[in-house]
Number of protein chains: 2
Amino acid sequence: MSYVKKPMEIEDRSFDIIEDEMNSEVLKKFSHEELMVVKRVIHTTADFQYGDLIEFIKNPIEKAKKSLAKGIKIYADTNMIKAGVNPRTLKRLNCEIVNFVADNDVIKEAGERGVTRSIVSMEKACKDPNIKAFLIGNAPTALYTLAEHIKNGLTDPDFVVAVPVGFVGAEESKNEFSTMEVPSVVVSGRKGGSTVAVAVLNAILYLVDNER
Amino acid sequence: MSYVKKPMEIEDRSFDIIEDEMNSEVLKKFSHEELMVVKRVIHTTADFQYGDLIEFIKNPIEKAKKSLAKGIKIYADTNMIKAGVNPRTLKRLNCEIVNFVADNDVIKEAGERGVTRSIVSMEKACKDPNIKAFLIGNAPTALYTLAEHIKNGLTDPDFVVAVPVGFVGAEESKNEFSTMEVPSVVVSGRKGGSTVAVAVLNAILYLVDNER
């Protein structure tokens, strides 16, 4: 069967197609680095609507690059995100991704309080001073909890990827978060997800790699 | 802050909203069980277009339920899929998900042959007679390779979730696969992804759980 089998050729062709088909107004709206993030999200979802939904608040790419260079701990709200982020670049930068939703203490406490594990897991994350970045691809309750902790001065992240998905609270939590002036990449509306969170961070990691 | 914090309430409300907003023609098109799969995919992506894109070929849900009950090995083309599938139900059914894209022998051979790791990893999977199901959420090259092996009689899966995403080969590989009469859930067009593959399998696992 005849099809493209070379990985770099597939990736290059994909990005060419994405650029060709993107709305020219959308292309003009973003900086070069922002566009690398937007294109990678479209590459991951095959959904051009992300060109209209992604917002960059308070220079998040520059902040993220500086933060990642320090070798930080990053909290992700799903194990899928943890599994999807490029392990080689993370390791080279001495960064680590953590997630606590499957921890026994988190499961127990969430059951007792009748709240999502995402809430309890985020509370645990906000107590760790080495966690300087948050990737939220799934749970609006995680983003609400993070917002509360930031407002109360309990955590002060270098950057946040705020892309929870869904029908109950996702849009509202992101609308609220985007007014908070935290360096962040936000997908407005209902869309988002773990693959979107991964695409955003991987795009930034590739920018870091290209500066070597 | 006031927002819904109870996990089952969030899930129930989400599915109510999805059903309310789904096109009535789409709702009528599917069986009850198929609809559970379609709704979970929409829940995962917040993208109603999946109602038009998902195809069920050769009774895949019934086949999958029977196959899973036997305690099978499942091949997933990404570690994100492996991380996202409900581990409790899998364990209870004595099923296991495997993925070889990060194996040293796969990385080495892919580099030498100048092909994607997805191809080499899928070739390895097709040699394992205990792998009776395939979830492809990322790489069209994995789906092409699987299709070749099925045509050549080298593997005969109980069911396939064929939802690779992207701009180079995704649509073509799925179009071809959907003509092969393999029990499968296919997302036509460019869309799909690891979260979609996870949503399909988790929906089927919940159907199995509900029959206990």
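Residues numbered from 1 in each chain as written. Chains lettered and ligands numbered in written order. Predicted model: local features only at pLDDT ≥ 70, side-chain atom pairs only at ≥ 80, totals over all residues. Heavy atoms only, no water.

### Description of empty space enclosed by the protein
Now for step 1: Considering all chains together, one arrives at 1 cavity of 30 Å³ or more under this definition.
Now for step 2: When its volume is computed, the largest cavity comes out at roughly 150 Å³.
Now for step 3: Forming the walls of the largest cavity are 18 residues, and the residues nearest its centre are A:Thr45, A:Tyr50, B:Thr45, B:Tyr50 and B:Gly192.
Now for step 4: Of all the secondary-structure elements, those providing two or more residues to the lining of the largest cavity are helix H3 (32–45) of chain A together with helix H3 (32–45) and helix H12 (194–210) of chain B.
Now for step 5: Here the lining of the largest cavity gets 3 residues from one element, more than from any other, and that element is H12(B). (1 Å grid on protein atoms, 1.4 Å probe; cavity = no way out; pocket = protein on both sides within 12 Å on 5 of 7 lines; lining within 4 Å. Points joined across faces, edges and corners; volume = space filled by probe spheres on them. Helix = DSSP H or I, 4+ residues; strand = E, 2+ residues; numbered from the N terminus.)

### Examining the pairing of strand S5 (residues 159–162) of chain A
Residue and element names in this part refer to chain A.
Now for step 1: Every second residue of S5 is oriented toward a common face, with Phe 159 and Val 161 on one face and Val 160 and Ala 162 on the other, all of them buried.
Now for step 2: Alignment of strand S4 (residues 131–136) against S5, held across 4 bridges, turns out to be parallel. Bridge assignment links Ala 133 to a residue of S5, and that residue is Phe 159.
Now for step 3: Taken together, S4, helix H10 (residues 140–151) and S5 form a β-α-β motif whose crossover is right-handed. (Buried < 20%, exposed > 50% of the residue type's maximum accessible area, 1.4 Å probe, protein only. Pairing = 2+ DSSP bridges. Right-handed = clockwise from strand over helix to strand, strands pointing away.)

### Overview of the state of the cysteines
All names here are of chain A.
Now for step 1: Tallied over the entire structure, the rule returns 0 disulfides over all chains.
Now for step 2: This cysteine, Cys 95, is not joined by any disulfide, and Cys 126 carries the nearest cysteine sulfur, 18 Å off.
Now for step 3: Given the relative accessible area of 10%, Cys 95 is considered buried. (Disulfide = S-S within 2.5 Å.)

### Section: the sheet that holds strand S6 (residues 184–187) of chain A
All names here are of chain A.
Now for step 1: Here we have 6 strands laid out as an open sheet, ordered S1-S6-S5-S4-S2-S3, and mixed in their pairing. Each having just a single partner strand, strand S1 (54–57) and strand S3 (96–98) make up the two edges of the open sheet. Averaged over all pairs of adjacent strands, the angle between strand axes in this sheet comes to 20°, irrespective of strand direction.
Now for step 2: Strand direction decides the pairing type here: S1 and S6, joined by 4 bridges, are antiparallel. Following the sheet pairing, Ile 57 is matched in S6 by Ser 184.
Now for step 3: Against the sheet, helix H9 (residues 117–126) contacts strand S2 (73–76) and S4, and its axis sits at roughly 160° relative to S4.
Now for step 4: Of the strands in this sheet, S4 and S5 touch H10, which is tilted by about 150° from S4. (Axes fitted to C-alpha atoms, helices over the stretch in contact; angles between N-to-C directions. Contact = heavy atoms within 4.5 Å.)

### Some points on the relation of the copies chain B and chain A
Now for step 1: By a simple turn and slide, chain B fits onto chain A: the slide is 0.0 Å along the axis, the RMSD is 0.0 Å, and the turn is 180°. Overall, the copies show the geometry of a two-fold rotation axis. If distances are taken from each C-alpha of chain B to the rotation axis, the shortest is found for B:Met80, at 2.3 Å.
Now for step 2: Of the residues that chain B buries at the interface, 100% are likewise interface residues in chain A, meaning the two copies contact each other through the same surface. (Least-squares fit on C-alpha atoms with pLDDT ≥ 70 in both.)

### Here we look at the nonpolar core
Now for step 1: Of all hydrophobic cores here, the largest spans 94 residues; its most connected members are A:Leu68 and B:Leu68.
Now for step 2: In this structure A:Leu68 touches A:Ile74, A:Leu93, A:Cys95, A:Phe159, A:Leu201, A:Ile204 and A:Leu205, once residues within four positions along its chain are discounted. (Core = buried A, V, L, I, M, F, W, Y, C linked by side-chain atoms within 4.5 Å.)

### Thoughts on the pattern of salt bridges
Now for step 1: Under the criterion given, the structure shown has 40 salt bridges over all chains.
Now for step 2: Residue A:Asp158 is joined to A:Lys70 by a salt bridge in which the shortest nitrogen-to-oxygen separation is 3.5 Å. In this pair, A:Asp158 sits in the loop between H10 and S5 while A:Lys70 sits in the loop between helix H5 (60–69) and S2, placing the two residues 88 residues apart along the sequence.
Now for step 3: Of the charged contacts, one joins B:Asp209 and B:Arg92 as a salt bridge, the two residues approaching to 2.5 Å between their closest N and O atoms. Note that B:Asp209 is positioned in helix H12 and B:Arg92 in helix H7 (residues 87–92), a separation of 117 residues in sequence.
Now for step 4: B:Arg92 gets classed as partly exposed once you look at its relative accessible area, which sits at 35%.
Now for step 5: Linked by salt bridges that have partners in common, A:Glu33, A:Glu62, A:Lys65 and A:Glu211 make up one network. (Salt bridge = Lys/Arg side-chain N within 4 Å of Asp/Glu carboxyl O.)

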